[in-house]
Amino acid sequence: MPKKNQMPGDRAEAQPPHWGRVFAMTLCVFALIASEFMPVSLLTPLAADLRVTEGLAGQGIAISGAYTVLTSLSISAIAGKVDRKTLLLSLTALMCLSGVIVAMAPDYLTYMAGRALIGVVVGGFWSMSAATAMQLVPPSEVPRALAIFNGGNALATVVAAPLGSFLASIVGWRGAFFCLVPIAVIAFVWQWFSLPSMKAQRRAQGSGNVFKLFRNRLVVLGMLSVGVFFMGQFALFTYLRPFLETVTRVDVSTLSLMLLTLGVAGFVGTTFIGRFLKIGFYVTLAVIPVLMAVIAMALIALGTSVYATTVLLGIWGLVATAAPVGWWLWIARTLPKDAEAGGGLMVAVVQLSIALGSTVGGLLFDGSGYRSTFAFGAGLLLVGAFLVFLTARADRTKKST
């Protein structure tokens, strides 16, 4: 029994963290992100089998992104009425169905329908991740839980493309997609038995409306910071492979090793980011884009050196992959009673920013070369760091009033 003078936050802090439940969701994240990016390494055989161009086959990634945005903007209305466990299990079941549909697709339209379903799952799951973490662990452990979620994301990002290519060489592209279905089924069963019932919490009328969050100046500044950060990151990152092939001039095996280094460093970064966020939350969020901007400019100057480029990309992966952990924690801190709406808004902002950053970066890359693309990305990252400073000041002002 809690003591009479114990505060609600103290009671929440006294509850033990349920790490088994967190790892069950992390396995789901792994299967989800692997499913999302699996087509990257399978476009050629997939397109040949479905009798479409590789460009059309690649639209399977674009349509999943579009449905991610649509779902993220609407999921909070559903999450406010349905038990979160039921909703998470439904999304996991939908992921299994998507894998089966894609793997058995007799034609292009069926394939695209399966890809649309995975977009729904991505948008729904990530929108709820912060709110779910807040119910599974005490407040002080939320950064660690979010880091574990993003660790599954980082691991899947590292292995999805090479794993897909390897499996396709053995069992074909359909078999490669089918191999993810058992993982999704295991995640479903694990969540079924481990996740507690998470009833929808009562909230003020209309608070789940994503767009009403823009009335909050702190939310506006934070979302601008997130958006500009991801625009800058993907303006550069999207064109990393052609840069490595044409400027650094690496062969395929060296390229794979460099990208693996970047991915492994990202996994390490998500493991340790929580400690830095506890020491200085906004300072960490501001330093990350500054470091990335410095790396972008250093790549322009040192990009012909394989060793220097590998080291720089390792540092890039270390901080860039860890950054979303901080921003998901920001959602949990800023909108504790409306985390689904805040999470949904952030997913939409991130997806749109990635699309915009990669598009502008591509235009610059084709028109002026990699230097203009990397400089553009660096400039955006510095603007993002400045916006973090403004967000921190708005947060302090809000707390003092």
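This text goes with the structure placed above it.
Computed from a predicted structure; not experimentally measured.

1. Regarding the overall build of the protein chain
Part 1 of the argument: The secondary structure content of the protein chain amounts to 16 helices and zero strands.
Part 2 of the argument: Against the 2.2 N^0.38 benchmark of 21 Å for 401 residues, the protein chain shows a C-alpha radius of gyration of 21 Å, consistent with a compact globule.
Part 3 of the argument: Overall, the C-alpha framework of the protein chain stretches about 65 × 45 × 35 Å when taken along its three principal axes.
Part 4 of the argument: For the protein chain, buried positions account for 53% of its 401 residues.
Part 5 of the argument: A separation threshold of at least 6 residues defines the contact pool for the protein chain, and within that pool the share at least 24 residues apart is 85%.
Part 6 of the argument: Accessible surface, the protein chain: about 17900 Å² in total, of which carbon and sulfur atoms supply 68%.
Part 7 of the argument: Once the 28 positive and 14 negative side-chain charges of the protein chain are each reduced to a mean point, those two points are 12 Å apart.

2. Quick word on the packing of aromatic side chains
The geometry of an aromatic ring pair is captured by the separation of the ring centres together with the interplanar angle, meaning the angle of the planes.
Part 1 of the argument: Using the criterion set out here, one finds 15 aromatic pairs in the structure.
Part 2 of the argument: Summarising the aromatic geometry, the rings of Phe281 and Tyr282 are spaced 5.1 Å apart at their centres and angled 80 degrees between planes, so their arrangement reads as edge-to-face. The pair formed by Phe281 and Tyr282 is uniform in burial state, with each residue classed as buried.
Part 3 of the argument: Cluster of aromatic residues (ring-pair linked, three or more members): Phe229, Phe230, Phe234 and Phe237.
Part 4 of the argument: Of note, Arg144 hangs over the ring of Trp19, and the distance from its end group to the ring centre comes to 4.5 Å.

3. Here's the deal with the environment of Val159
Part 1 of the argument: By the element assignment, Val159 lies in helix H7 (residues 142–178).
Part 2 of the argument: Along the sequence, Val159 and Lys85 sit 74 residues apart, while their C-alpha atoms lie 28 Å from each other.
Part 3 of the argument: Ignoring any residue separated from it by four or fewer positions in sequence, one finds Val159 in contact with Phe30 and Gly164.

4. Notes on the pattern of salt bridges
Part 1 of the argument: Considering all chains together, one arrives at two salt bridges under this definition.
Part 2 of the argument: Two residues, Arg174 and Asp49, come together in a salt bridge whose shortest N-O distance is 3.0 Å. Taken together, the positions of Arg174 in helix H7 and Asp49 in helix H3 (residues 43–50) put the pair 125 residues apart, joining distant regions of the chain.

5. Quick notes on the environment of Leu180
Part 1 of the argument: Along the chain, Leu180 falls in helix H8 (residues 180–194).
Part 2 of the argument: Exposure remark for Leu180: the relative accessible area of 6% places this residue in the buried category.
Part 3 of the argument: In the structure, Leu180 is positioned 142 residues away from Met38 in sequence and 9.6 Å away in space, judged by C-alpha atoms.
Part 4 of the argument: Sequence-distant contacts of Leu180, that is, excluding residues within four places in its chain, are made with Ala34, Ser35 and Met38.

6. Looking at the packing of helix H6 (residues 108–136) against helix H14 (residues 323–334)
Part 1 of the argument: It is the contact of H6 with H14, at a shortest axis distance of 10 Å, that shows an interaxial angle of 60 degrees. Both H6 and H14 take part in a crossing whose hand is right-handed. Contacts between H6 and H14 pair Trp126, Ser127, Ser129, Ala130 and Met134 from the former with Trp328, Ile331 and Ala332 from the latter.
Part 2 of the argument: Looking at side-chain class alone, the contact of H6 with H14 contains six nonpolar, two polar and no charged residues.

7. Some remarks on unusual backbone geometry
Part 1 of the argument: Backbone geometry places Arg51, a non-glycine residue, at a positive phi of 60 degrees.
Part 2 of the argument: Along the chain, Arg51 turns up in the loop between H3 and helix H4 (54–79).
Part 3 of the argument: Even without a glycine there, the phi angle at Arg249 is positive, about 60 degrees.
Part 4 of the argument: Its place among the elements puts Arg249 in the loop between helix H10 (240–248) and helix H11 (252–279).
Part 5 of the argument: Under the relative-accessibility criterion, Arg249 is labelled exposed at 68%.

8. Quick notes on a nonpolar patch on the surface
Part 1 of the argument: A contiguous nonpolar patch, built from Leu257, Leu260, Val264, Val268, Phe272, Phe276 and Leu318 and spanning about 600 Å² of accessible area, is present on the exposed surface.
Part 2 of the argument: Counting residues per element, the nonpolar patch draws most heavily on H11, at six residues.
Part 3 of the argument: For Val264, the location among the structural elements is in helix H11.
Part 4 of the argument: Judged by relative accessible area, which is 43%, Val264 ranks as partly exposed.

9. Quick look at H14
Part 1 of the argument: In a regular helix each residue adds 1.5 Å, so 12 residues correspond to 16 Å; H14 covers 17 Å between its end C-alpha atoms and thus fits that length.
Part 2 of the argument: Most of H14 sits out of view: 11 of its 12 residues are buried.

10. Regarding the side chain of Thr270
Part 1 of the argument: On the secondary structure map, Thr270 appears in helix H11.
Part 2 of the argument: By relative accessible area, Thr270 is classed as buried at 1%.

11. Some remarks on the state of the cysteines
Part 1 of the argument: Under the counting rule described, the total for this entry stands at zero disulfides.
Part 2 of the argument: Between Cys28, a cysteine without a disulfide, and Cys96, which holds the nearest cysteine sulfur, the sulfur-to-sulfur distance is 8.3 Å.
Part 3 of the argument: Counting only cysteine sulfurs, Cys96 is the nearest neighbor of Cys179, a cysteine outside any disulfide, at a range of 14 Å.

Parameters and conventions
Residues numbered from 1 in each chain as written. Predicted model: local features only at pLDDT ≥ 70, side-chain atom pairs only at ≥ 80, totals over all residues. Heavy atoms only, no water. Helix = DSSP H or I, 4+ residues; strand = E, 2+ residues; numbered from the N terminus. Rg over C-alpha atoms; globule rule 2.2 N^0.38 Å. Buried < 20%, exposed > 50% of the residue type's maximum accessible area, 1.4 Å probe, protein only. Contact = heavy atoms within 4.5 Å. Areas by Shrake-Rupley, 256 points an atom, 1.4 Å probe, with all protein chains shown as cover. Lys, Arg positive; Asp, Glu negative; His and termini not counted. Charge placed at Lys NZ, Arg CZ, Asp CG, Glu CD. Phe/Tyr/Trp six-rings, centres within 6.5 Å; stacked < 30°, edge-to-face > 60°. Lys NZ or Arg CZ within 6 Å of the ring centre and 35° of its normal. Salt bridge = Lys/Arg side-chain N within 4 Å of Asp/Glu carboxyl O. Axes fitted to C-alpha atoms, helices over the stretch in contact; angles between N-to-C directions. Left-handed = near helix turned anticlockwise from the far one by under 90°. Nonpolar A, V, L, I, M, F, W, Y, C, P; charged D, E, K, R; others polar. Patch = residues over 30% accessible without salt bridge, like charges linked within 9 Å, V, L, I, M, F, W, Y side chains within 5 Å. Expected span 1.5 Å × (residues − 1). Disulfide = S-S within 2.5 Å.

Shape descriptors only; they carry no functional weight alone.
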